[in-house]
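Secondary and tertiary structure notes
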Amino acid sequence: MGTNLIRSILLASASVTVATAVLPTAAYAQDASYQVDIPAQSMGDALRALGRATKQNVVFDGSVVRGKRSVAVRGRMSAGDALQKMLAGSGLVVSRGARGALMVQVGNVSAAPARDEASAGGTNITVAPSVAATEAEPIIVTGSRIAGAAPAAPVIRVTAEEIRRAGQNDLGEVARSLPQNFGGGQNPGIGNSQGAANENVNANGASTFNLRGIGPNATLTLINGNRFAYSSVNSVIDVSAIPIAAVDRVEIVADGASAIYGADAVAGVVNILLKRDYEGVSTSARLGLSTDGGNFQQQYNLLGGSRWSDGGIIAAYDYSHGTAIRAKDRSYASANNPDSTLFPALRRHAMLLSGHQSLGGGVTLAADLIYKRGSMKSATGFTVAQPLRNSGLEARTKFETFGVAPTLSAELSASWKLKAGAFFGTDTTDGISQNFSGGAPSTATARHFFNRNIAVEAGLEGSLFELPAGPARLAFGGGYRTNRFKSEIGTRSFSRSRRNHFAYGELLLPIADPDQDLAFAHRASLTGALRYEDYSDSGDIVTPKLSFVYDPVEQVRLGVSWGKSFKLPTLYQQYSGYVALLVPVGGFGQGFPAGSTVAYALGPNDQLEPERSENWTFSATVKPVPGLEVSASYFRIDYKDRVAPPLASGAGVLNNPIFADLVTFNPAPALLDTIFAGADGGLQNITGSPYDPARVVAFLDARDRNIARQKYRGVDIAVRYDAELGSDRQLSLNAGATWLDSNQQLLPGLPVTDLAGTIFRPPHLRARGGLTLSDKAFSLAAFLNHSASVTDNRRPAAVKLSGSTTLDLTGRLRLGAGTEVALSAQNVFNSKPEPIFTTSAFDAPFDTTNGSAIGRFLSVTVRHDW
């Protein structure tokens, strides 16, 4: 008792002395703003982090904050504003003292004696209990169901401010800029004949994440922690449907997470978090063009929001239009028809509505709604010399996306929370491909894809029992999802649904806590998760995950995670129908009678099963000095049962024992009749002779199946550094790199082939680094991007394709009250992709998964906050 009283008197005396001696500095600190990025965590750790970030003293009583969680604080703001946001919902409040110090009080009562201090010099901040509490922003943790759980794998965060610094205009550009991401899959810049069938496509101008290059369907993308409608033929959402002005940040955990979220999270999970409490109206207009020609872009957006005492709402609208890039405008596209498009013309309207309302008694209702519609136009010439409408194709596509996700959260007790949510969404793609021959339209093929997703889910999260290091926490719940997909391509059509029930549980056991003051055990925790899913067409699946986080000291975090994940075949991949051919035996094998034929089936297979992976991640994060964070992680993914066609070529297959499981010699006529009857369009006889079952010497089943085994391993490195330079100036450094090695074996006995570092696959190395200098009126950002070379191994004589290094610059100037002008130059030195070997004028002239036809792009943006 006496010791505490003496300590309180000494701290109070020191506070008065400092406030008197450095009054000008303290007064300046009231108004000074700082770039703050402090995630949700234990309140004590958060207050210490705030002290380091603002270089001010943060004084608090450890017993008072024990067991409390902070609210995440991100953005540029004063220390007082940051503290108020951090304390929201904690039962702690802050006020300003007579000499400008930030003090926390209990209602009208004077602040309680301070007992702990996170020193940085300057203003004193005292934290004490309070009966007053404000509504807390929900803590959304990417990679865990437990609020405040420390991640074992580093969380990659891209904030709205960083997106603006980079001059990026939609989330597709954000995705393609990340070293961990691959530009293949579904993206608007993908050209014709880029890899295996349906592997890299541009079905409707959508943009997707594709972590590690495993495929867009192996990366789960969420909006505010919720799934949304799938797009086109893939099990992914179109991130370009989200107005960029409404995005608060994007969080990526590049680690398997099926035990937490279910299917598709093999490579990791991307969580797009929206602005929650925006007040006012903001408008912006952007014009830009590629200096080599084409791609004239217009973009206009409107963001409005309002907040009241127990709720808030934001609404956003974004319109963008970009003209096509044609082959005649690019020097490396001489092998294409001059009027062929290398990048399509796109027009898009995107709208978003997000709101939350407290209903009293700890119950909050929230909802997110998105809507997008637009169109895409492209053209391809079949020859170089003839006009495109003499021999070519024009494609027009319209698309529309709608989704709404309501959630209800309730504080059931001091330590338990309920969250229930639902989702309904649709995505429609309609297109027509018009062929031209001899200067006139010939055949036309219509395309229609429709997705409908419905989901309901509920879960509980809270404390089970107390351990010496804090409460053991449990999250558990379950739900139901259904996905309906309809496809119509010409005369071919099908419609299928997939339903699944699921249940999950996640347990967090704290082992060490900062309040225990243990040597070389600042913090440690063990987390285990288990998820059960029952699918209507794939049966039961159980996926586990374990992770361990250990902070020997406050500045160092070590993590390890192990888990199993899975991905289901897409409904299009599984049910769109196979093709049955009758072909001469020819090169398929030797030693057969003259006139022999082979029945050959290839394409989708309704007997496909889930793809499965085992993931390991080892990580280390170090914060050696204030403002500096360095992280590195090693990842390994063993991905088996991947869906793939079993044959790269049919040459010699009938005489090769490796393919024995694919071949049925002397098939019975009944088997052949069954195969032909189930094929899309029946038997396609290309032998030139009538079908005779007696001449069929073999049935070759080359339909897709769960055969391939792929292995991925690599290293991610990231560096972040923020430094205050005085006079409200700040220097920020953000750099990251990914080294990737991956390979594939189709069947046992076949050779292992490289994936990473080959054409239409990710390079071994991708890196991006940015440096930003800013103050209240001006900022200048420079980003350097590097993508290593890849090898074109499609022919016996492999060819090395050069990598690329590009420089991006963005300058922003604030004019008067609320007006900002930004000038951006992407790819300043106009780096161009290297031409590749093509078999016809139809093929894209370069590797569009690793390069872009956009070239140097200049833009100007004017923004005004009303």
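Since this is a predicted model, take the numbers as computed values, not measurements. (Residues numbered from 1 in each chain as written. Predicted model: local features only at pLDDT ≥ 70, side-chain atom pairs only at ≥ 80, totals over all residues. Heavy atoms only, no water.)

Points about the overall build of the protein
Our working definition: Strands are runs of DSSP state E lasting at least 2 residues, helices are runs of H or I lasting at least 4, and numbering of each runs from the N terminus. Only protein chains enter the calculation, and the probe is 1.4 Å; a residue is then buried if its accessible area is under 20% of its type maximum, exposed if over 50%, and partly exposed in between. The Shrake-Rupley method, run with a 1.4 Å probe, gives the accessible areas here. Residue values count only the displayed protein chains as cover.
Helix and strand content of the protein: ten helices and 43 strands. Expressed as a percentage of its 866 residues, the buried residues of the protein come to 52%. A total accessible area of about 35,800 Å² is found for the protein, and carbon and sulfur atoms account for 59% of it.

Here's the deal with unusual backbone geometry
The backbone phi angle of Ser-193 is positive, close to 60 degrees, even though this residue is not glycine. Mapped onto the elements of the fold, Ser-193 is located in the loop between helix 7 (171-177) and strand 9 (219-223). Here Ser-193 falls in the partly exposed class, since its relative accessible area comes to 39%.

Details of the sheet that holds strand 9
Threshold: Think of it this way: DSSP has to see at least two bridges between two strands before they count as a pair. Whenever a helix is involved, its axis is fitted only over the stretch in contact; in every case the axis is a line through C-alpha atoms, and angles between N-to-C directions fall within 0 to 180 degrees.
Taken in spatial order, the four strands make up an open sheet running 8-10-11-9, and their pairing is mixed. Of all strands in the sheet, those with a lone pairing partner are strand 8 (156-159) and strand 9, marking the two edges. Across the sheet, the axes of successive neighbouring strands diverge by a mean angle of 15 degrees, strand direction being ignored. As defined by bridge partners, strand 8 adjoins strand 10 (residues 247-253) across four bridges and the pair is classed as antiparallel. By the bridge assignment, Val-158 is partnered in strand 10 with Val-250.

Comments concerning the pattern of salt bridges
How we decide: Salt bridge, as used here: a side-chain nitrogen of Lys or Arg that lies within 4 Å of a carboxyl oxygen of Asp or Glu.
For the structure on display, the rule yields 42 salt bridges. Measuring nitrogen to oxygen at the nearest pair gives 4.0 Å for the salt bridge that ties Asp-775 to Arg-729. Note that Asp-775 is positioned in the loop between strand 37 (765-774) and strand 38 (778-787) and Arg-729 in strand 35 (residues 729-745), a separation of 46 residues in sequence. Note on Arg-729: relative accessible area 41%, which makes it partly exposed. The closest approach of N and O atoms between Asp-865 and Arg-863, which form a salt bridge, is 3.4 Å.

Concerning the side chain of Lys-545
What counts, and what does not: As used in this structure description, the phrase polar contact means that two N or O atoms lie within 3.5 Å; if the pair is within protein, one of them must be able to donate a hydrogen and the other to accept it, and residues adjacent in sequence are counted only when both atoms belong to side chains. Working rule for contacts: check all heavy atoms of both residues, and any pair within 4.5 Å makes them a contact.
Mapping Lys-545 onto the fold places it in strand 25 (residues 539-551). There is a polar contact of 2.9 Å between the side chain of Lys-545 and the side chain of Asp-255. Polar contacts involving the side chain of Lys-545 include one to the main-chain carbonyl oxygen of Gly-256, which spans 2.9 Å. Setting aside residues no more than four positions away along its own chain, Lys-545 makes contact with Asp-255, Gly-256, Ala-259, Ile-260, Thr-527, Gly-528, Ala-529, Ser-561, Trp-562 and Gly-563.

Quick look at the sheet that holds strand 28 (residues 597-603)
Strand order in the open sheet formed by five strands is 31-33-28-27-32, and the pairing between neighbours is mixed. Of all the strands in the sheet, the pair left with one neighbour each is strand 31 (663-665) and strand 32 (683-685). Neighbour-to-neighbour, the strand axes of the sheet open up by a mean angle of 20 degrees, direction not taken into account. As paired elements, strand 28 and strand 33 (residues 696-703) share seven bridges and run parallel to each other. By the bridge assignment for strand 33, Thr-597 is matched with Val-696. Docked against the sheet, helix 10 (residues 669-678) engages strand 27 (579-584), strand 28, strand 31, strand 32 and strand 33, running at close to 40 degrees with respect to strand 33.

Some remarks on the packing of aromatic side chains
Filter applied, for reference: Centres within 6.5 Å are what make two rings of Phe, Tyr or Trp a pair, Trp counting through its six-membered ring; a difference in plane orientation under 30 degrees is then read as stacked, over 60 as edge-to-face, and the rest as tilted.
Taken as a whole, this structure holds 17 aromatic pairs when the rule is applied. Summarising the aromatic geometry, the rings of Phe-382 and Phe-842 are spaced 6.2 Å apart at their centres and angled 45 degrees between planes, so their arrangement reads as tilted. Taken together, the residues Phe-382 in the loop between strand 18 (363-381) and strand 19 (391-411) and Phe-842 in the loop between strand 42 (819-826) and strand 43 (857-865) connect sequence positions 460 residues apart. Of the residues examined, Phe-382 reaches a relative accessible area of 31% and is grouped as partly exposed. Measuring from centroid to centroid gives 6.3 Å for Phe-485 and Tyr-572, while their planes differ by 90 degrees, and the two rings are edge-to-face. Separated by 87 residues along the polypeptide, Phe-485 in strand 22 (residues 470-489) and Tyr-572 in helix 9 (residues 571-575) bring together distant segments of the chain.

Quick look at helix 10
For an α-helix, 3.6 residues make a turn, and residues three or four places apart therefore share a direction. For clarity, the threshold we go by: Taken from the helix axis, the directions to the C-beta atoms give the arc we talk about.
Where helix 10 is concerned, the buried positions are Leu-672, Ile-675 and Phe-676. Buried residues in helix 10, looked at end-on, bunch into an arc of 95 degrees, giving them a common side. Facing away from the buried surface of helix 10 by more than 90 degrees, the exposed residues are Ala-670, Thr-674 and Ala-677.

What to know about the environment of Val-752
Within the secondary structure layout, Val-752 lies in the loop between strand 35 and strand 36 (753-754). As for Val-752 and Arg-709, which are separated by 43 residues in sequence, their C-alpha atoms are 9.3 Å apart. In contact with Val-752, not counting residues within four places along its chain, are Asn-743, Gln-744 and Gln-745.

Some thoughts on a nonpolar patch on the surface
Spelled out, the test is: A patch consists of residues whose relative accessible area exceeds 30% and which take part in no salt bridge; residues with like charges are grouped when within 9 Å of each other, and nonpolar side chains (Val, Leu, Ile, Met, Phe, Trp, Tyr) when within 5 Å.
On the surface, Leu-287, Leu-289, Phe-296, Tyr-300, Leu-823, Val-860 and Val-862 cluster together to form a nonpolar patch covering roughly 550 Å² of accessible area. For Leu-287, the location among the structural elements is in strand 12 (residues 280-290). A relative accessible area of 39% places Leu-287 in the partly exposed class.

Some details on the pairing of strand 17 (residues 345-360)
Pairing analysis gives twelve bridges linking strand 14 (residues 311-322) to strand 17, with the strands arranged antiparallel. Bridging across to strand 17, Gly-322 finds its partner in Leu-346. One ladder, built from 15 bridges, connects strand 17 with strand 18; its direction is antiparallel. When the bridges of strand 18 are listed, Leu-353 appears paired with Leu-369.

Regarding the nonpolar core
Just so we agree on the cut-off: The definition of a nonpolar core used throughout is a set of buried Ala, Val, Leu, Ile, Met, Phe, Trp, Tyr and Cys residues joined through side-chain atoms within 4.5 Å.
Judged by nonpolar contacts, the single largest core of 43 residues is most densely connected at Leu-171, Ile-242, Val-250, Ile-272 and Leu-352. If you list the elements that add at least two residues to this core, you get helix 7, strand 10, strand 11 (268-274), strand 14 and strand 30 (628-644). In this structure Leu-171 touches Ile-163, Phe-209, Val-239, Ile-242, Ile-244, Val-247, Val-250 and Ile-272, once residues within four positions along its chain are discounted. In terms of nonpolar packing, the next biggest core, distinct from the first, is built from 22 residues, Tyr-600, Ala-702, Ile-707 and Ala-708 among them.

Some points on the pairing of strand 24 (residues 523-535)
It is a general feature of regular strands that their side chains alternate between the two faces of the sheet. As judged from the twelve bridges shared by strand 23 (residues 492-512) and strand 24, these two strands associate in the antiparallel manner. Its bridge partner lying in strand 24, Leu-508 is registered against Thr-527. As judged from the 13 bridges shared by strand 24 and strand 25, these two strands associate in the antiparallel manner. Across the sheet, Glu-533 pairs through a bridge with Ile-541, a residue of strand 25. The hairpin formed by strand 24 and strand 25 contains three residues between the paired strands.

What to know about helix 5 (residues 79-87)
For helix 5, every residue scored as buried is listed here: Ala-79, Gly-80, Ala-82, Leu-83, Met-86 and Leu-87. Take helix 5 and look down its axis: the buried residues cluster within an arc of 160 degrees, on one side only. The distance from a side-chain oxygen at the start of helix 5 to the backbone nitrogen of Asp-81 is 3.1 Å, and the residue carrying that oxygen is Ser-78. Residue Gly-89 follows helix 5 closely and has a positive phi angle near 80 degrees.

Some points on the confidence of the model for the protein
Quick note on the threshold: A residue's pLDDT is the confidence the predictor assigns to it, expressed on a 0 to 100 scale.
Scored by pLDDT, the protein comes out at a mean of 88, with 89% of its residues at no less than 70. Considering each helix and strand of the protein separately, the mean pLDDT is smallest for helix 1 (residues 2-21), with a value of 35, and largest for strand 15 (residues 325-326), with 98. Confidence over residues 1-30 falls short of pLDDT 50; this stretch has 23 contacts with residues more than four positions distant or in other chains. Within the model, the stretch residues 105-137 combines pLDDT values under 50 with 114 contacts to residues more than four positions away or in other chains.

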